Amino acid sequence: MKIDRRSFLSFIIGGAAGTTLSPLPWKLMDDMSIWTQMWPWTPVPENGEVSYANSTCTLCPGGCGISVRLIDDRPVKIEGTEGHPVNDGGLCVMGLSGLQLLYGQSRVKGPMKRVGKRGEKNWEQISWDEAISMVAEKLDELRSDGESHTLSCISGSDQGTVPELFKRFLDAYGSVNFTRMPSIDDSYELVLKLMHGVEASAGFDVENTDFLLSFSSGILEGWGSPVRMFSANGSWKKSGGKVVQIDSRLSNTAAKADHWIPINPGNEVVLALGLAHVIIKDSLYNKEFITNYSYNFENWKRVVLNEYSPESVEKVTGINKTIIRALAKDFAGAKKPLAICGKGQGKNPGSTSEFMAVHALNALVGSINTDGGVWAVDNDKQNYIQWPDVKKDSVAESGAQRDRIDGAGTENYPYTRYLPNRFIENINSSNESLVKLLFVHGANPYYTLPDTHNVRKAFEKIPFIVSFSSYMDETALNADLILPNHAYLERYEDVPRTRSFNRPIIGLSKPIIEPQYNTRHSGDVIITKEKKMGGSIAAALSWENYEQCLQETLGDKWETLNENGFWVDETFKVPGWKNAFKTPTLKCDFSYNELFSLPHFCILGIKGDDPSYPLALIPYDSMRLANGFIGDPPFVIKTVEDTVLKGKDMFVDINPDTAKKYGLVEGSKVILKTPNGELKVRVHLFEGIFQNLVAAPRGLGHTGYDKYISGKGANVNELIGTFEDPASGHDAAWGIAAQLIKV
Amino acid sequence: MGKHEKPKKYGMVINLDMCTGCGACMVACMAENNVPFKEDESDKLLSITWLRVYKLSNGKKFPDADICYLPRPCQHCGGKGDHGHSPCVSVCPATATDYSHETGIVSQIYTRCFGCRYCMAACPYHARYFNWWDPVWPKGMEKYLSPNVSPRMRGVVEKCSFCFHRYQLAMNKAYLEGRRELEEDEYQTACTQACPANAITFGDLSNPKHKVYELKKDPNAFRLLERLGTNPKVYYVSSREWVRRAGDNYLQHEETVKLN
């Protein structure tokens, strides 16, 4: 057959028409979409019986109740426990992503000892026996050299059976150097000690307050127990409660508040006293409280009236005097006003002056131990841990006589319990080796303590560091030995307090799933270790294992806790004023100056008064960036905005006017330099910030953990120095002098 | 639709005064719906977030600057007269996305989708996301995947389903108990449940017994891009005028109108 042009075209056209009309292309397209989607690596989650298990989240001090959904024995989702007194069904980003931590890549899968240099990530898996013998050997060695006091422990918390076991071990071993990580708890405990004369934690009756005055506290950034604060914030919107946020940056809290009053950072104490001035002058204070329950009020009043007039306060704070007057009147005029302080999430303690001034403001309006006010929640009421005293041998006795390395409780800092900032500083400034063995539990000081550079130096001076972390955090990374704890969903642990909660509450963290790796409960490690050491140390603890210890300690609360996941003291009433104060005069003590012989209230500056640092750097907190001892899991880092993190670059907020001055535009790369160091960052122009301020997010710049968080952005703690509060020794730095260099 | 059931119009009212921008809704959604994650999620065009919280700003200078967060799930548009002509449903050549007259929910059927992304172009809310890559769960992490929602594969579009599997589970339970109707709290989305600020309320917009029925009539309520006629089922409430204007319902010279 001859193929001519005509038949060729007919064939082509006919073929095309035929194919199109046939089902073939459609079938092929359909099949293709099916084939390309049928990859064997697309997981098919196994089905099974659904159940829920209640527990308590321990990822932060917030103490939320969690209900874990299980498919057979496999946890698949974490939700908030409905009806829980703290979070009633709500949960934060971290709590919701807990399973990514449980199954995540940053878990430490078994005991490991360092083989390369510190931080080189060169590890050797060892057995638990070997690991515990290693520590026991070190401990024996120190003890026989008469250096038991050089053992130290840094812990995330000082309450609950596990921290108590560590404390007890140190006691029996012969060291007083147990240190808790810093937070506003330090400052509030100090204020209650000084003004109320009690050993108590501050609880806030936020649900019942109708006027919340927040001195830079990030009530929507994670202050206190985050979910509880969110829910309280929602209830104020419904009930008409007012929130006034004093803040130098338009934080989420400021944006959601009824009024945002920008303030020159660091001057909160001045404003608080300025408000007190107006309240006293206009006689708006609570006469009943001041007449019957205050001591040395007249002296305090004189200082406030002489030195803190709205005019002089305006000069320092940058807040107009008419606003100060109006705010004071609104605050005093509210039915149940409440003033709170502690910047951002409250990760750092603050200046004692500021905390006392704010507490005095509450006292002035009678909002102490009343509905909607601040309550002293007696620690004894929560204290179910009634273990017999440790029988100390001679070594332990002599260890107990020594002063703490951080100087807390000594002459200079009589009322302070822990000073991790001084701990680091004293290690660095001493010629001796003050700490020869360090235990780190439930904390990541290498990353979270300000002034990373100094922390690093101090760590280098400590010859042996043991981390009990479940995750490969920065501290674990730079330790010599890791004794990984079970992850929080794999272990029992009591959570004896919820930060800022107004009633005694105990949460129980329960094992929802079998341990996934070769980990061991830190409580068990301590108990076994003590057994190994024998003598008085072993005698200090007679429990078989941690679970038995916990059950025995909790006694009749065990069953309630195991079932509900929490126990709340239902008999606890609003403490009231009568018999509430245990000071020598049995009144609320305003006598500040006598105690510290300080020139009245002091405004704390920041490091770096050199004119080459014309700006001030302040760190800021966000719910979407965990900056505690656990870093963001993948879901959480996913929620971070691209004006905070883009690729590996971190953004700092500056005012567009500041940007203009430096010739910067949105996204410009700069070097952010402070007396403590420098970091490469990019700028985000933000109208919600004072000129000459630079705000950097906390929670980025991890070097530990997995690829989903590691190496992203920079750790602002590298740039922030510490600034010691002269009254307490606490770190009261709220920022640091800084400069921006265009690159 | 079963002949015994009344048609429902599930929707949300989100109170933007109460929303704190914490992101819990986003994460609750990801955890509930097996949403994947990558090493770098900072390119937001490629980051799959069925529910995304946007940060709005009023554009004013310090100290008059203000910000507000706006959570944006799929708006489950009913189209004019709720006939189901939502922008995405109208254009899907594969019937991979459909409007349910039973619930008012816009579905997404992954196995039907062949990835033409026509719906993404049509959706005025950027509520749809495309799987450019196969999702990868690092070893061990696949253990937390929920069997209620099938993990997606490369080449398909995905979006918020108002946690439709929860509706199915609740209905199954109701049928077993001999009921045909659900109580309001029997079917709630994961984001609503997790919201620590109680800013999200979810329910049947046409059922006077449900909270959303009244809430949507708030004088400060608005919907996004209402003038497009998409008839979305997500209402927002804000006491701040600039936020209501940010719903893009007004020309510059027009005044903000309060509902009702």
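Residues numbered from 1 in each chain as written. Chains lettered and ligands numbered in written order. Predicted model: local features only at pLDDT ≥ 70, side-chain atom pairs only at ≥ 80, totals over all residues.

Examining the overall build of chain B
Phase 1: Looking only at helices and strands, one finds seven helices and eight strands in chain B.
Phase 2: Radius of gyration (C-alpha) of chain B: 18 Å, near the 18 Å computed for a compact globule of 260 residues.
Phase 3: On the principal axes, the C-alpha backbone points of chain B span a range of 50 × 45 × 35 Å.
Phase 4: Counting across all 260 residues of chain B, residues that qualify as buried make up 47%.
Phase 5: Counted over contacts in chain B with a minimum sequence separation of 6, partners at least 24 positions apart contribute 62%. (Helix = DSSP H or I, 4+ residues; strand = E, 2+ residues; numbered from the N terminus. Rg over C-alpha atoms; globule rule 2.2 N^0.38 Å. Buried ≥ 20, exposed ≤ 12 C-beta atoms within 10 Å, placed from the backbone. Contact = placed C-beta atoms within 7 Å.)

Remarks on the domain arrangement of chain A
Phase 1: Assigned domains of chain A: these are domain 1 (5-35), domain 2 (112-183 + 385-488 + 513-558), domain 3 (206-372 + 574-596) and domain 4 (615-742).
Phase 2: Computed over C-alpha atoms, the centres of domain 2 of chain A and domain 3 of chain A are 38 Å apart. (Domains from an automatic or database assignment.)

Considerations on the sheet that holds strand 1 (residues 10-15) of chain B
Residue and element names in this part refer to chain B.
Phase 1: Taken together, four strands build an open sheet; the order of strands is 6-1-8-7 and the sheet is mixed. Each of the sheet's edge strands pairs with one partner strand only, and the pair in question is strand 6 (200-204) and strand 7 (221-222).
Phase 2: Sheet analysis places strand 1 next to strand 8 (residues 234-237), joined by four bridges and oriented parallel. Within strand 8, the position partnered with Asn 15 by the bridge is Val 237. (Pairing = 2+ DSSP bridges.)

Things to note about unusual backbone geometry
Phase 1: Geometrically, the link from Phe 62 of chain B to Pro 63 of chain B is a cis peptide bond, its omega value of 0° lying close to zero.
Phase 2: Considering the arrangement of structural elements, one finds Pro 63 of chain B in the loop between strand 2 (52-57) and strand 3 (67-72).
Phase 3: You will see that Asp 451 of chain A, though not glycine, has its phi angle at about 65°, which is positive.
Phase 4: Here Asp 451 of chain A shows up in the loop between helix 19 (445-448) and helix 20 (452-461).
Phase 5: Residues other than glycine seldom take positive phi values, yet Asp 82 of chain B does so here, at roughly 55°.

Observations concerning the packing of helix 18 (residues 420-429) of chain A against helix 20 of chain A
Residues and elements named next belong to chain A.
Phase 1: It is the contact of helix 18 with helix 20, at a shortest axis distance of 9 Å, that shows an interaxial angle of 60°. Here helix 20 runs oblique to helix 18, going by the angle between their axes. The hand of the helix 18/helix 20 crossing is left-handed. Residue-level contacts link Ile 424, Glu 425, Ile 427 and Asn 428 of helix 18 to Asn 454, Val 455, Lys 457, Ala 458 and Lys 461 of helix 20.
Phase 2: Residue composition of the contact of helix 18 with helix 20, by class: four nonpolar, two polar and three charged. (Axes fitted to C-alpha atoms, helices over the stretch in contact; angles between N-to-C directions. Parallel < 35°, antiparallel > 145°, perpendicular 65-115°, else oblique. Left-handed = near helix turned anticlockwise from the far one by under 90°. Nonpolar A, V, L, I, M, F, W, Y, C, P; charged D, E, K, R; others polar.)

Overview of the pairing of strand 26 (residues 677-685) of chain A
Residue and element names in this part refer to chain A.
Phase 1: For strand 24 (residues 649-654) and strand 26, the ladder comprises four bridges, and the chain directions are parallel. Across the sheet, the residue bridging to Phe 651 is Arg 682, located in strand 26.
Phase 2: Examined bridge by bridge, strand 25 (residues 669-674) and strand 26 share six bridges and lie antiparallel to one another. Along strand 26, the bridge assignment pairs Thr 674 with Gly 677.
Phase 3: Between strand 25 and strand 26, which follow one another and run antiparallel, lie two residues.

What to know about the environment of Ser 668 of chain A
Residue and element names in this part refer to chain A.
Phase 1: On the secondary structure map, Ser 668 appears in the loop between helix 28 (656-661) and strand 25.
Phase 2: Sequence separation of Ser 668 and Arg 682 is 14 residues, and the distance between their C-alpha atoms is 5.3 Å.
Phase 3: In this view, Ser 668 contacts Arg 682, Val 683 and Lys 742; residues no more than four positions away in its chain are not counted.

Remarks on helix 4 (residues 164-176) of chain B
All names here are of chain B.
Phase 1: Taking 1.5 Å of rise per residue, the 13 residues of helix 4 would be expected to cover 18 Å, and the 18 Å separating its terminal C-alpha atoms lies within 8% of that figure.
Phase 2: The complete set of buried residues in helix 4 reads Phe 164, Tyr 167 and Met 171. Along the axis of helix 4, the buried positions cluster into a sector of 50°, meaning they face one direction only. Seen from the buried face of helix 4, the exposed residues on the opposite side, beyond 90 degrees, are Asn 172, Lys 173 and Leu 176.
Phase 3: With its phi angle positive at about 75°, Gly 178 sits one or two positions after the end of helix 4. (Expected span 1.5 Å × (residues − 1). Arc of directions from axis to C-beta.)

Re the packing of helix 6 (residues 161-173) of chain A against helix 22 (residues 522-533) of chain A
If you want to describe how two helices pack, look at the angle between their axes and the distance between the axes.
All names here are of chain A.
Phase 1: Helix 22 packs onto helix 6 with a crossing angle of 25° between their chain directions and a minimal axis gap of 9 Å. Of the possible angle classes, the one that applies to helix 6 and helix 22 is roughly parallel. Note that helix 6 runs across helix 22; the crossing there is left-handed. Packed against helix 6, whose contacting residues are Thr 161, Val 162, Leu 165, Phe 166 and Phe 169, the element helix 22 presents Ser 522, Gly 523, Ile 526 and Glu 530 at the interface.
Phase 2: Split by residue class, the contact of helix 6 with helix 22 holds five nonpolar, three polar and one charged.

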